[in-house]
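Breakdown of the fold
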Amino acid sequence: MEQDPTLLVLMYFVVPVWLMAGFADWLCHRATNIATTSGAKESVLHLMLFAEVAGPFLAALLLDINALVLAFMIVMFFVHEATTLWDLSYAVNLREITPIEQHVHSYLEMMPLMGVLLVAARHWPQFLALFGFGDEAPRFDIALKAPPLPLAYIVSALVAALLFAVLPYTEELWRGLRANNGRFVPRAAKSPAQ
């Protein structure tokens, strides 16, 4: 495997910290009784947030990075930020968001940005080409990464994402629906953002 420090930081710092922050956020939600305060609606927003970073994450794991993939990552970062604002504007009126949870949110916002920046730095000619600069023509094809990342890393990253993001947030959604007889918003919720 290539010993590019930016690749190593992406693989062994950005991805693990992002997953740990996501799991810590889930623990914060449990501590504030999300099921009966903001309910399943907030859990749906959390699953949307995960999906918005999962696409670029999968692209970085599997695809050749070119102008198309970089554009996708950049757009999804901004979509993720907009959904984050939606999520917080909904939740802040219904449940306590502790200083610890706010600190965890810092990581959940900055790790995707750090990831996009490091991927762009590793593929600088295509990043420049995306904006009409540099000597390279932008490429917009979809191709598998060659050479691929080690299979053991890909499998480990996907299993970790399943264990520390998909399953906990799916459980959070299920708990919210169960606590509110299938409703996405608890009857007691009185947020103007509903």
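Report on the accompanying structure. (Residues numbered from 1 in each chain as written. Predicted model: local features only at pLDDT ≥ 70, side-chain atom pairs only at ≥ 80, totals over all residues. Heavy atoms only, no water.)

Inspection of the entire model under this criterion finds 8 aromatic pairs. Look at W18 and F50: their rings are 6.0 Å apart centre to centre, the planes differ by 5 degrees, and that puts the pair in the stacked class. Of this pair, W18 sits in helix α1 (residues 5–31) while F50 sits in helix α2 (residues 39–62), and the two are 32 residues apart along the sequence. Chaining the aromatic ring pairs together yields one cluster made of W18, F50 and F57. (Phe/Tyr/Trp six-rings, centres within 6.5 Å; stacked < 30°, edge-to-face > 60°. Helix = DSSP H or I, 4+ residues; strand = E, 2+ residues; numbered from the N terminus.)

So, on to the side chain of E101. Relative to the elements of secondary structure, E101 occurs in helix α4 (residues 99–122). Judged by its relative accessible area of 0%, E101 is buried. Those residues in contact with E101 that lie beyond four places of it in its chain are D25, C28, H29, R95 and E96. (Buried < 20%, exposed > 50% of the residue type's maximum accessible area, 1.4 Å probe, protein only. Contact = heavy atoms within 4.5 Å.)

Looking now at the pattern of salt bridges. Scanning the model with the defined rule gives 7 salt bridges in all. For the salt bridge of E101 with R95, the shortest nitrogen-to-oxygen distance reads 2.8 Å. Each member of the pair, E101 as well as R95, carries the same accessibility label: buried. The shortest N-O distance in the salt bridge between D141 and R139 comes to 4.0 Å. The exposure class of D141 is partly exposed, given its relative accessible area of 36%. Among the charged side chains, a salt-bridge network with shared partners connects R30, E171 and R175. (Salt bridge = Lys/Arg side-chain N within 4 Å of Asp/Glu carboxyl O.)

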